[in-house]
Amino acid sequence: MDLVIACAINKDDTMIDKVIASVPHYDFNNKYILYDGYEGCGLFKDQYEAHKKFIATKYQDFKIIQFDKNIYFRDMIENICNLSNAERLFIIQDDVTIPKIDLQQIEIQMNYIQDLKILSFPHKNIPPEGTHWFQPFDDTYPLPFIKCHGWCERVFICDRKHMLSLLETTPKNNKQTKRFIDMIYYHSMKSKTWKNLDFDEKENYWKKWKCYYHHDIIHKHLVAKRFNC
């Protein structure tokens, strides 16, 4: 498994230290920090470049990948899916911390569920009726994973090849689905077509994603303030 920290244009350049400090102990094959490109100019441009150099020096066990253009989360993840050789990626955004978890045990548990390809860690407990992002529909597994429609890309573990296939075959239909991955499922669930689908038809859509969430582990969203590029 590789670790990936995906960084957007964050006004608080100390937040990444909190993120890295929360990463669980695990013998990752590789550890990456992805920096989206900033196409603006002026003082912040200089600060952003200095910040990236500082982080590269401070965290020399990470491989730093910088993008020249502002490509957003979706294209950054597609890039790392192509670059990495790991079976799975543990991906965390740059304004999220997670509690101490046994990542090795979670990975062992994931191996027992053949159709689990994306495992999200939500920011709050998910009620049976679901939320905007998660619609649980199967909790029969004796493990802390709930099969659900929808997922959240702030913190998740994914099968790398499966994620790459999703990104290569899913159209970029609007501004949000061009930038973010979880918005694809979100827009599907909010559509009029979705409301008219029966259970089996919805599950057939789920089979493209194969996503679950962990009902015992809740992440903390630090809510970064972003610069516009």
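Provided above is the structure to which this section pertains.
First things first, this report covers the structure right here in the doc. Remember, it's a predicted structure, so these values are computed and weren't measured experimentally.

Thoughts on the side chain of H162
For step 1, the next point in the chain: One can find H162 in helix α5 (residues 160-169).
For step 2, the next point in the chain: Apart from the residues lying within four places of it in its own chain, the contact partners of H162 are K117, I118, K208, W209 and K210.

A closer look at the packing of aromatic side chains
The geometry of an aromatic ring pair is captured by two quantities: the separation of the ring centres and the angle between the planes.
For step 1, the next point in the chain: If you walk through the whole model with that rule in mind, you get 18 aromatic pairs.
For step 2, the next point in the chain: A ring pair is formed by Y38 and Y48, whose centres lie 6.4 Å apart and whose planes are at 70 degrees; its orientation type is edge-to-face. Separated by ten residues along the polypeptide, Y38 in the loop between β2 (31-35) and α2 (43-58) and Y48 in helix α2 bring together distant segments of the chain. Side by side, Y38 and Y48 carry an identical accessibility label, which is buried.
For step 3, the next point in the chain: A connected cluster of aromatic rings, assembled from ring pairs, spans W151, F156, Y185, W194, Y205 and W209.

Side note on the pairing of strand β4 (residues 88-93)
For step 1, the next point in the chain: The buried fraction of β4 is high, at six of six residues.
For step 2, the next point in the chain: The alternating pattern of β4 places R88, F90 and I92 on one face and L89, I91 and Q93 on the opposite face, and all of these are buried.
For step 3, the next point in the chain: Summarising the sheet, strand β1 (residues 2-7) and β4 pair through five bridges and their orientation is parallel. Its bridge partner lying in β4, A6 is registered against Q93.

Quick notes on the rules
- Residues numbered from 1 in each chain as written.
- Predicted model: local features only at pLDDT ≥ 70, side-chain atom pairs only at ≥ 80, totals over all residues.
- Heavy atoms only, no water.
- Helix = DSSP H or I, 4+ residues; strand = E, 2+ residues; numbered from the N terminus.
- Contact = heavy atoms within 4.5 Å.
- Phe/Tyr/Trp six-rings, centres within 6.5 Å; stacked < 30°, edge-to-face > 60°.
- Buried < 20%, exposed > 50% of the residue type's maximum accessible area, 1.4 Å probe, protein only.
- Pairing = 2+ DSSP bridges.

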